[in-house]
Amino acid sequence: KLFSGLGLTARFRGDHAASRRAYESGLAASKEAGDKTGIAASNRGLGLVAMQQNELDTARGHFSKGLKISRELADDYGVAMSLSFLGDLFRVENDHDSALPLFEEASKLFRDLDRKVALGDSLNNLGTTRFLTGNSSGARASFAEAAEIAVEIGNKITLSHSLDGFAAIDTEIGEHERAAKLAGSAEAIRETIGYKNEPAELAFRERYLSDLTEKMWEQDFRESYAAGSSAEPIDLFRSSAKPAKL
């Protein structure tokens, strides 16, 4: 558990080498102790590091090993985590149709387990995948629930990803100024805590920002983005969480 914690901390800060060493040490310790739950967790961690370094086949192997062990142990939390990471891998590969059922199953398991931190992250993943498969109303509902959970438990990382989700939806429906504010707020949150976006989230953000900056004058975008950086994120997401009136 200590090595997993060290690996997680290093990974969040973008230190892939230190993260890999920690997870490898955790995997070796778990094997020595015959701790299958620890083996599965270490494989998931190694898979995340590999995915962040674009070693996708290696990541898939680690995630699949973790999923297999967790299913054998009937460890629903481990299963849900492995499904989430495999879904992220599909997102990196732009295979959102394959990712969707994985996030749906993971969200159900996290909800049944009452694991709010994991549920919030899974709902953001589900929202992103719904958005990219053409279900904007379903995406909005997922992002809204994830954001409310994040506010309740004080999870800034999850809230930042929800804001990116709302920004993507607002870009699509023409609420460009609000989308830029949401984008600025999301990145400001991550900067204050030193968090680096993972590949799937980064790709999603870059995709909607590319669309948004094409639709806005550069000066207007910069001003709105800056305003969002200093705005209250909760107010921003609640203004975007409600669907526009037709």
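Quick summary incoming for the structure in this document. (Residues numbered from 1 in each chain as written. Predicted model: local features only at pLDDT ≥ 70, side-chain atom pairs only at ≥ 80, totals over all residues. Heavy atoms only, no water.)

## As for the packing of aromatic side chains
And step 1. Tallied over the full model, the rule gives six aromatic pairs.
And step 2. Relative to tyrosine 225, the ring of phenylalanine 221 has its centre 5.5 Å away and its plane inclined at 40°; by these criteria the two rings are tilted. Of this pair, phenylalanine 221 and tyrosine 225 are both found in helix 12 (residues 218–229), four residues apart, which corresponds to roughly one turn of the helix.
And step 3. Members of the aromatic cluster, each reached through a chain of ring pairs, are Phe131, Phe204 and Tyr208.
And step 4. When the ring centre of tyrosine 77 is taken as origin, the NZ or CZ atom of arginine 115, which lies over that ring, is 4.0 Å away. (Phe/Tyr/Trp six-rings, centres within 6.5 Å; stacked < 30°, edge-to-face > 60°. Helix = DSSP H or I, 4+ residues; strand = E, 2+ residues; numbered from the N terminus. Lys NZ or Arg CZ within 6 Å of the ring centre and 35° of its normal.)

## Regarding the side chain of serine 82
And step 1. By secondary structure assignment, the location of serine 82 is in helix 5 (residues 76–92).
And step 2. Apart from the residues within four sequence positions on either side, serine 82 is in contact with Arg44, Phe63, Gly66, Leu67 and Ser70. (Contact = heavy atoms within 4.5 Å.)

## Things to note about the environment of valine 92
And step 1. For valine 92, the location among the structural elements is in helix 5.
And step 2. The partly exposed category is assigned to valine 92, whose relative accessible area is 23%.
And step 3. Leave out the neighbours within four places in its chain, and valine 92 touches Met51, Leu56, Pro199 and Ala200. (Buried < 20%, exposed > 50% of the residue type's maximum accessible area, 1.4 Å probe, protein only.)

## Observations regarding helix 12
And step 1. Taking 1.5 Å of rise per residue, 12 residues should cover 16 Å, and helix 12 covers 16 Å from first to last C-alpha, within 8% of that figure.
And step 2. Taken residue by residue, helix 12 has Phe221, Ser224 and Gly228 as its buried positions. Burial along helix 12 is one-sided: seen end-on, the buried residues are contained in an arc of 75°. Exposed and facing more than 90 degrees away from the buried side of helix 12 are Glu218 and Arg222.
And step 3. The inward-facing, buried residues of helix 12 contact helix 10 (176–193), helix 11 (199–215) and helix 13 (233–241). (Expected span 1.5 Å × (residues − 1). Arc of directions from axis to C-beta.)

## Here's the deal with the nonpolar core
And step 1. Counting 28 residues, the largest nonpolar core has Phe131, Leu159, Leu163, Phe166, Tyr208, Leu212 and Phe237 as its most contacted members.
And step 2. Listing elements by their share of this core, those giving two or more residues are helix 7 (116–132), helix 8 (136–153), helix 9 (156–173), helix 10, helix 11 and helix 13.
And step 3. Ranked by size, the runner-up nonpolar core spans 23 residues in total, among them Phe85, Leu109, Phe110 and Ile149. (Core = buried A, V, L, I, M, F, W, Y, C linked by side-chain atoms within 4.5 Å.)

## Here we look at a nonpolar patch on the surface
And step 1. On the surface, Leu2, Phe3 and Leu6 cluster together into a nonpolar patch covering about 300 Å² of accessible area.
And step 2. You can see phenylalanine 3 is positioned in helix 1 (residues 2–12). (Patch = residues over 30% accessible without salt bridge, like charges linked within 9 Å, V, L, I, M, F, W, Y side chains within 5 Å. Areas by Shrake-Rupley, 256 points an atom, 1.4 Å probe, with all protein chains shown as cover. Salt bridge = Lys/Arg side-chain N within 4 Å of Asp/Glu carboxyl O.)

## Topic: the environment of serine 84
And step 1. Here serine 84 shows up in helix 5.
And step 2. Not counting residues up to four positions away in its chain, the partners in contact with serine 84 are Phe103, Ala106, Phe110 and Ser122.

## Some remarks on unusual backbone geometry
Glycine aside, the phi torsion of most residues is negative, and most peptide linkages are trans.
And step 1. Its identity is not glycine, yet asparagine 54 carries a phi of approximately 65°, on the positive side.
And step 2. Topologically, asparagine 54 is positioned in the loop between helix 3 (36–52) and helix 4 (56–72).
And step 3. We classify asparagine 54 as exposed; its relative accessible area is 57%.
And step 4. Phi at aspartate 114 takes a positive value of approximately 55°, unusual for a residue other than glycine.
And step 5. Relative to the assigned elements, aspartate 114 resides in the loop between helix 6 (96–113) and helix 7.

## Quick notes on the pattern of salt bridges
And step 1. Across all of its chains, the model carries 18 salt bridges by this definition.
And step 2. Two residues, aspartate 164 and arginine 205, come together in a salt bridge whose shortest N-O distance is 2.8 Å. In this pair, aspartate 164 is assigned in helix 9 and arginine 205 in helix 11, connecting sequence segments 41 residues apart.
And step 3. The exposure class of aspartate 164 is buried, given its relative accessible area of 3%.
And step 4. Between lysine 181 and glutamate 177 there is a salt bridge, and its shortest N-O distance comes to 3.4 Å. With lysine 181 and glutamate 177 both in helix 10 and four residues apart, the pair spans about one turn of that helix.
And step 5. In this structure lysine 181 comes out as partly exposed when scored by relative accessible area, which is 25%.
And step 6. The network of salt bridges with shared partners includes Asp164, Glu187, Arg190 and Arg205.

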